[in-house]
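Topology and contacts: notes
One letter stands for each residue in the lines below.
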Amino acid sequence: MTPMRQWGSASRSGDASCKGDFARRAVLAGLLGLPFLVSGRARAATDDIRFFRIGTAATTGTYFQIGGMLANAISKPPGSRDCDRGGSCGVAGLVAVAQATQGSVENVEAVGAARFESALAQSDIAFGAYSGSGLFKGKPPIKSLRAIAALFPESVHLVVGADGPIRGLKDLKGKRVGLGEKESGTLVDARLILDAAGIAEKDVKGDYRSLSLDAAALGHDEIDAFFLFGGYPVPAISELAASTPSRLVPLGDDIADRLTRKYSFFAADTIPAGTYHGIDEPTPTIGTRALWIVNADVPDDLVYSITKALWHETSRKILDQGHPMGQRIRLETALQGVVVPLHPGAERFYREVGMQIPEEASRNN
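Presented here is an overview of the structure given in this document. These numbers were taken from a predicted model, which means no experiment stands behind them.

Take the overall build of the chain next. Within the chain one finds 13 helices and 12 strands. Put simply, the chain has 365 residues, and 54% of those count as buried. Pairs at least 24 apart in sequence give 72% of the contacts found in the chain among residues at least 6 apart. Accessible surface, the chain: about 15800 Å² in total, of which carbon and sulfur atoms supply 51%.

Here it is in structure tokens:
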């Protein structure tokens, strides 16, 4: 896909009803991944629209749902009712679309190459890409990555059948294990966890399909376990647990301590009891934070407006009424775990509202 670089100033041609109709078709086309054609008065509205893609992950995961909420919060297509009249409080003329991807690795590479304007990514993956470390060691660092905000905590899920023999990481040896798609953050972290447990990837029968396929495969006894790194509750795991008795395997204190000491982006975490149907005990695990990243070349004024729209009081309703993790997207934690530089437009907003910018978030802007 080619980058959408329509950042010029908007014109005022075309009437509101025409623009509204055009915008609706534009959003639908974007969601379906289809081109769209316009003619007549509708063509005049094209100058009013700016497009902004948000790379997410599989449609059955948390990222896709959160990405849709973010797109809703920041969009204000031409012809929309004004904010003070009960309409959209997003960025005038902006049409944002959540786009499904394979996950964090694809997302940081796509944003770095300007194939997407922005995306969601695990903080550890973003840090590795920016610094040329971890999975990205030996590759050119992706120095064009910038952050808009840290959004919500993400947790490692190791999902097994309720009656299965897997009780700890050591039990994964020789088993059929979903490790995540090839360009997902889940695969990166599954490898780190296996290594911390002294298990080589070749010691398991690795499965590298999508989250939805892994969840279906566990339900049909085609695999024994799968990893998923995401903000709970993950929709695909919720659906699985509702139809197939399931368990979450705790990582164990020794593994969690080993990982959190070695990698600063990890922290001890717990998935609460009752998060998923039939899983009534809390599950100790590890976690990191999901970042909203953006390409450094996106104009400062646009990113400033997007950041302002994200934290506008009217966006609170959108975040609170969607996926439960949206309730944990808070201004007061927006800079926690930001391990790549803030975009200057975002940094301007946070300084204006009196927030202290962490050193690691303001370097080399």
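From this point, things continue past the structure.
To continue, consider the packing of aromatic side chains. When we look at a pair of aromatic rings, we describe it by the centre distance and by the angle of the planes. Summed over all chains, the structure comprises 8 aromatic pairs. Taking the centre distance of 5.5 Å and the plane angle of 25° together, the rings of Tyr 263 and Phe 265 count as stacked. Taking relative accessible area as the criterion, Tyr 263 reaches 18% and is therefore assigned buried. Among the residues examined, Phe 265 registers a relative accessible area of 18% and is labelled buried. Of the aromatic side chains, those joined through ring pairs into one cluster are Phe 127, Phe 229, Tyr 263, Phe 265 and Phe 266. The cationic tip of Lys 143 hangs over the ring face of Tyr 130; the distance from NZ or CZ to the ring centre is 4.0 Å. It is Lys 182 that lies over the ring of Tyr 208; its NZ or CZ is 3.9 Å from the centre.

In this section: the nonpolar core. Most often, soluble globular proteins have nonpolar side chains that are buried together. With 80 residues, the main nonpolar core has Phe 52, Phe 226, Trp 292 and Tyr 350 as its most contacted residues. Ranked by residue count, the leading element in this core is strand E6 (residues 145–161), at 8 residues. In this structure, Ile 166, Leu 172, Ile 255 and Leu 259 belong to the second largest nonpolar core, which totals 29 residues.

Turning to the pairing of strand E1 (residues 50–55), a few remarks are in order. With respect to burial, E1 is a largely interior element, 6 of its 6 residues being buried. Of the two faces of E1, the one carrying Arg 50, Phe 52 and Ile 54 and the one carrying Phe 51, Arg 53 and Gly 55 are both buried. In this structure, E1 lies alongside strand E4 (residues 94–99), joined through 6 bridges in parallel fashion. The residue of E4 that forms the bridge with Gly 55 is Gln 99.

This brings us to the environment of Ser 133. Considering the arrangement of structural elements, one finds Ser 133 in the loop between helix H5 (123–131) and E6. Each residue touching Ser 133, except ones within four places of it in the same chain, is listed here: Phe 127 and Gly 128.

Below, the discussion takes up empty space enclosed by the protein. Under the criterion given, the structure shown has 2 cavities of 30 Å³ or more. Estimated volume of the largest cavity: approximately 270 Å³. Lining the largest cavity are 25 residues, and of these Ala 57, Thr 186, Leu 211, Leu 228 and Phe 229 sit closest to its centre. For the lining of the largest cavity, the secondary structure elements donating two or more residues are helix H3 (62–74), helix H6 (185–196), helix H7 (211–219) and strand E9 (225–230). The residue inventory of the lining of the largest cavity, partitioned by class, reads 8 nonpolar, 13 polar and 4 charged.

Moving on, we get to the environment of Pro 324. By secondary structure assignment, the location of Pro 324 is in the loop between helix H11 (315–321) and helix H12 (344–352). What makes Pro 324 partly exposed here is its relative accessible area of 40%. Sequence separation of Pro 324 and Gly 231 is 93 residues, and the distance between their C-alpha atoms is 9.0 Å.

With that out of the way, let us pick up the pattern of salt bridges. Scanning the model with the defined rule gives 11 salt bridges in all. Notably, a salt bridge pairs Arg 176 with Asp 221, separated by 3.8 Å at the nearest N-O pair. Here Arg 176 is found in strand E7 (residues 176–178), whereas its partner Asp 221 is found in the loop between H7 and E9, with 45 residues between them in sequence. For Arg 176, a relative accessible area of 27% translates into the label partly exposed. Close ionic contact of Arg 209 with Asp 207 constitutes a salt bridge, the shortest N to O distance being 3.0 Å. Note on Arg 209: relative accessible area 31%, which makes it partly exposed. Connected via shared salt-bridge partners are Arg 176, Asp 221 and Asp 224.

Before going further, it helps to examine the packing of H3 against helix H10 (residues 300–310). With their axes 8 Å apart at the nearest point, H3 and H10 run at an angle of 105° to one another. What the angle tells us is that H3 and H10 run roughly perpendicular. Packed against H3, whose contacting residues are Leu 70, Ala 73 and Ile 74, the element H10 presents Ile 306, Ala 309 and Leu 310 at the interface. Of the residues that constitute the contact of H3 with H10, the class distribution is 6 nonpolar, no polar and no charged.

Thresholds applied
Per chain, residue numbering runs from 1 following the sequence as it is written. For a predicted model such as this one, the threshold for reporting local features is a pLDDT of at least 70, and the threshold for listing and counting side-chain atom pairs is 80 or more; totals across whole chains, interfaces and linings nevertheless cover every residue. Side-chain metrics rest on all non-hydrogen atoms present in the structure, leaving aside hydrogens and water. Put simply, DSSP marks the helices as runs of H or I at least four residues long and the strands as runs of E at least two long, and each gets a number from the N terminus on. Note on exposure labels: buried denotes an accessible area under 20% of the residue type's maximum, exposed denotes more than 50%, and partly exposed covers the range between, all computed with a 1.4 Å probe on protein chains only. Contacts are assigned to residue pairs that have any heavy atoms within 4.5 Å of one another. Computed by Shrake-Rupley with a 1.4 Å probe, the accessible areas treat only the displayed protein chains as cover when residues are assessed. Here a Phe, Tyr or Trp ring, Trp counted by its six-membered ring, pairs with any other such ring whose centre lies within 6.5 Å, and the pair is stacked when the planes are under 30 degrees apart, edge-to-face when over 60, and tilted otherwise. Two conditions define a charge sitting above a ring: the NZ of Lys or the CZ of Arg must be within 6 Å of the ring centre, and it must be within 35 degrees of the ring normal. Each nonpolar core is a collection of buried residues, namely Ala, Val, Leu, Ile, Met, Phe, Trp, Tyr and Cys, held together in the definition by side-chain atoms within 4.5 Å. Only when DSSP finds a minimum of two bridges between them are two strands counted as paired. Each cavity reported here is a set of points on a 1 Å grid over the protein atoms alone in which a 1.4 Å probe fits but cannot get out, each pocket an open set with protein on both sides within 12 Å along at least five of seven lines, and each lining residue one with an atom within 4 Å of a point. Grid points are joined across faces, edges and corners, and a volume is the space filled by probe spheres set on the points. In this count, Pro and Cys sit with the nonpolar residues alongside Ala, Val, Leu, Ile, Met, Phe, Trp and Tyr, while Asp, Glu, Lys and Arg are called charged and the others, Gly among them, polar. Note on definitions: salt bridges are taken to be side-chain nitrogens of Lys or Arg within 4 Å of carboxyl oxygens of Asp or Glu. Axis definition: a line fitted to C-alpha atoms, over the contacting stretch in the case of helices. Angles run 0 to 180 degrees between N-to-C directions. Roughly parallel refers to an angle under 35 degrees, roughly antiparallel to one over 145, roughly perpendicular to one between 65 and 115, and oblique to any angle outside these ranges.

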